[in-house]
Amino acid sequence: WRMTTPMPFDDAWLKIVIGGVEFDGEVKITGTLLKKKLDRRRAPGADGARIVDKGFDLAEGGIVLKGWTETHRDALDRIQDLAFPRGASTARRNALDVAYPTFARVGITQLYFTESDPFGPGELGEFSQSFKFVEYRPPPPAQRNTTRAPAPANNEGGGTALDNVFQANPIPDPAVANAGP
């Protein structure tokens, strides 16, 4: 009897892809991946509070990548170079695409790396490197607060807009209006 995971992406757990670089060593993810932004409103001197949910905060955490082959070491070097491009302008320091089931379950597709511990050997010949990250979410598209301009007046008669108003609302002839029985 073999226990299997009920998730449909068993093979996806075997590697993490960061910035297009596949790493198939050991992966450990730490931190808070789901956190709500809450506004706790309470009256002074009152017990309890009213909570207003203001959406989700950005995830923050760490990734520890552990390897034992030359391929793992090369992948770690490439990931570090992408996450922390030395001598590059800040414009080149971008969030990296990430693909791993832990992140996919919570909707995280990009990470911005903020720290990295030194690459180092372990007791059994393995080596590891840890990274700290913040989730990157592109800003929502700017909403334009515009009002529509009124449609131009129908100018079929070729006159000015004021002429068109008089044509649509003719002034009654006073002689006809005062003519009584």
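Before reading on, note that the structure itself is shown above.
Residues numbered from 1 in each chain as written. Predicted model: local features only at pLDDT ≥ 70, side-chain atom pairs only at ≥ 80, totals over all residues. Heavy atoms only, no water.

Novice: How would you summarise the overall build of the protein if you had to cite specific residues and measurements?
Specialist: When helices and strands are counted, the protein shows four helices and 10 strands. Counting across all 181 residues of the protein, residues that qualify as buried make up 22%. Contacts spanning at least 24 positions in sequence make up 62% of the contacts within the protein whose residues lie at least 6 apart. For the protein, the exposed surface amounts to about 13,900 Å²; the carbon and sulfur share of it is 53%. (Helix = DSSP H or I, 4+ residues; strand = E, 2+ residues; numbered from the N terminus. Buried < 20%, exposed > 50% of the residue type's maximum accessible area, 1.4 Å probe, protein only. Contact = heavy atoms within 4.5 Å. Areas by Shrake-Rupley, 256 points an atom, 1.4 Å probe, with all protein chains shown as cover.)

Novice: Describe in detail the packing of aromatic side chains, supporting the description with residues and values.
Specialist: Here a ring pair, both rings aromatic, is described through the centre-centre distance and the interplanar angle of the planes. In the structure shown here, the tally under the stated rule is five aromatic pairs. Ring geometry for Phe113 against Phe131: centres 5.6 Å apart, planes inclined by 70 degrees, an arrangement best described as edge-to-face. Of this pair, Phe113 sits in strand β8 (residues 110–116) while Phe131 sits in strand β10 (residues 127–135), and the two are 18 residues apart along the sequence. There is no split in this pair, since Phe113 and Phe131 are both buried. Counting every residue linked through ring pairs, the aromatic cluster contains Phe84, Phe113 and Phe131. (Phe/Tyr/Trp six-rings, centres within 6.5 Å; stacked < 30°, edge-to-face > 60°.)

Novice: Explain the pattern of salt bridges residue by residue, including any values.
Specialist: Pairs can form between side chains of opposite charge once their charged atoms are near each other. Scanning all chains against the criterion turns up four salt bridges. The partner of Arg73 in a salt bridge is Asp74, and the shortest N-O contact between them spans 3.5 Å. Judged by its relative accessible area of 31%, Asp74 is partly exposed. (Salt bridge = Lys/Arg side-chain N within 4 Å of Asp/Glu carboxyl O.)

Novice: Any chance you could break down helix α1 (residues 70–83) for me, citing the residues and the numbers?
Specialist: In this model, α1 (14 residues) spans 20 Å end to end at C-alpha, consistent with the 20 Å of a helix rising 1.5 Å per residue. On its buried side, α1 packs onto β1 (16–18), β2 (21–23), β6 (60–67), β7 (96–99), β8 and β10. (Expected span 1.5 Å × (residues − 1).)

Novice: Could you give an account of the nonpolar core, with specific residues and numbers?
Specialist: Nonpolar side chains in soluble globular proteins tend to be buried together. Among the nonpolar cores identified, the biggest contains 23 residues, and Ile16, Ile18, Ile63, Leu65, Phe103 and Phe113 are the most heavily contacted of them. Those elements giving two or more residues to this core turn out to be β1, β2, β6, α1, β7, β8 and β10. At four residues, α1 tops the list of elements feeding residues into this core. Look past the residues within four positions of Leu65 in its chain and what remains in contact with it is Ile16, Ile18, Phe23, Glu26, Val27, Leu76, Ile79, Phe127, Ser128, Gln129 and Phe131. (Core = buried A, V, L, I, M, F, W, Y, C linked by side-chain atoms within 4.5 Å.)

Novice: I'd like a rundown of the environment of Ala12, residues and numbers included.
Specialist: Examined against the element boundaries, Ala12 turns out to sit in the segment before β1. Measuring from C-alpha to C-alpha, the distance between Ala12 and Tyr100 comes to 6.6 Å, with 88 residues separating the pair along the chain.

Novice: Residues and numbers for the side chain of Glu135, please.
Specialist: The topology assignment puts Glu135 in strand β10. Here Arg137 takes part through its side chain, which lies 3.1 Å from a polar atom of the side chain of Glu135. Contacts of Glu135, omitting those with residues within four sequence positions, involve Asp57, Leu58, Ala59, Ile108, Gln110 and Leu111. (Polar contact = N/O pair within 3.5 Å; in protein donor to acceptor, adjacent residues only side chain to side chain.)

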